[in-house]
Amino acid sequence: SSLNPDVGTAGVGTVSLFDRVATLGLSGSLGKLSLGRQLHLVFDAATRIEPMNFGHVSSNPYIQFGLMSNNAMYSLHGSSSDLTSAIRQNNSIKYTSPVMDQHWSVSAMVGLGEHAGNTKASAYTGASASYVGQELSTAVSYGQFTDATNSSKLTSYFAGARWTMNSDWVIKVLYSQNQVNTTKRKISIFGVGVDYLWMPRSTFTAVFYANRRAGDLSGSADQFVLMDKYELSKRSVIYVSLSHARAGTSLAKDTDLGLFMSVGNRSAHRALVGMSHAF
């Protein structure tokens, strides 16, 4: 469950408990099967590839738009419709195959809308494939989400790659796109990042995102991030980052894509210092 430590409230939207992931499942030589509230396959496909390593959650363009975590844009489609964004799917069944030929695996997932008499409403179906090698890893994913009346569809695509040049340098590239067939709104994210292990416990990351909107509105914004992480232990990390966002115009259609910008400004800067601990 999520928790807002500054005010003590829990959950997102109308979900006050278990708004993150809550599953039961089995795994073995035939693969892994899990049921419950789960992250969709577009998330799983990008686990090793996301340029920011899923950092800066609330202002990370791939998380907000590529993974469809933005509540304002993505709360009407899928089996979590009207409750939370599309990044997690309720009543879902996910299967991941065992690793084949030491590198390949495939996954399939469905989210059931539980609308009596309309099994296609508030539903999700997805598939993905990934290749994990010593130097090169790649992944592709497809997903389709319907609204509560099955009159609108949200379709998403993802492709990405990770290249481990050596023990110090890693390059990650991804492209993600999703489109609503009724409004014609199309959001695309191109991201590229470089990790450099310049000290035994310190990794420097440089990232660029190009965020675009088309179909219903024409919008654009770019984001640049520099971050350094220092590992205090295997579970505790301190970090410092500098970010710059630049929009096509000062209107909301562009600044909304910048994520930490305000309407009326075409650019914004931000500095962050923080610590994270994995339980």
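Above this note sits the structure.
Residues numbered from 1 in each chain as written. Predicted model: local features only at pLDDT ≥ 70, side-chain atom pairs only at ≥ 80, totals over all residues. Heavy atoms only, no water.

Caption draft 1: Geometry of the environment of Asn-90. You can see Asn-90 is positioned in strand E5 (residues 88-96). By relative accessible area, Asn-90 is classed as buried at 15%. For the pair formed by Asn-90 and Leu-112, sequence separation is 22 residues and the distance between their alpha carbons is 7.2 Å. Residues within four places of Asn-90 in sequence aside, it is in contact with Gly-36, Arg-37, Ser-79, Ser-80, Leu-83, Gly-111 and Leu-112. (Helix = DSSP H or I, 4+ residues; strand = E, 2+ residues; numbered from the N terminus. Buried < 20%, exposed > 50% of the residue type's maximum accessible area, 1.4 Å probe, protein only. Contact = heavy atoms within 4.5 Å.)

Caption draft 2: Layout of the nonpolar core. Phe-54, Tyr-62, Phe-65, Leu-67, Tyr-74 and Phe-158 are the most contacted members of the largest nonpolar core, which has 39 residues in total. When residues in this core are grouped by element, the largest group, 4 residues, is from helix H1 (residues 41-45). Not counting residues within four places of it along the chain, the set of residues in contact with Phe-65 comprises Asn-70, Met-73, Tyr-74, Asn-178, Ile-187, Ile-189, Asp-256, Leu-257 and Leu-259. (Core = buried A, V, L, I, M, F, W, Y, C linked by side-chain atoms within 4.5 Å.)

Caption draft 3: Local environment of the pairing of strand E7 (residues 124-132). Here 8 bridges tie strand E6 (residues 104-111) to E7, and the two strands are oriented antiparallel to one another. Pairing of Met-109 across the sheet is with Gly-126, part of E7. Here E7 pairs with strand E8 (residues 136-146) via 9 bridges, running antiparallel. Within the sheet, the bridge partner assigned to Thr-125 lies in E8 and is Gln-144. (Pairing = 2+ DSSP bridges.)

Caption draft 4: A look at the layout of surface pockets. Its volume calculated, the largest pocket comes out at about 590 Å³. Elements with a minimum of two residues in the lining of the largest pocket: strand E4 (31-39), helix H2 (61-66) and strand E15 (267-277). Grouping the constituent residues of the lining of the largest pocket by class yields 9 nonpolar, 8 polar and 5 charged. In this structure, the second largest pocket occupies an estimated 340 Å³ of space. Lining the second largest pocket are 19 residues, and of these Asp-44, Ala-45, Thr-47, Ser-105 and Ser-130 sit closest to its centre. Broken down by secondary-structure element, the contributors of at least two residues to the lining of the second largest pocket are H1, E6, E7 and E8. Counting residues per element, the lining of the second largest pocket draws most heavily on E7, which supplies 5 residues. When grouped by side-chain class, the residues that make up the lining of the second largest pocket number 8 nonpolar, 9 polar and 2 charged. (1 Å grid on protein atoms, 1.4 Å probe; cavity = no way out; pocket = protein on both sides within 12 Å on 5 of 7 lines; lining within 4 Å. Points joined across faces, edges and corners; volume = space filled by probe spheres on them. Nonpolar A, V, L, I, M, F, W, Y, C, P; charged D, E, K, R; others polar.)

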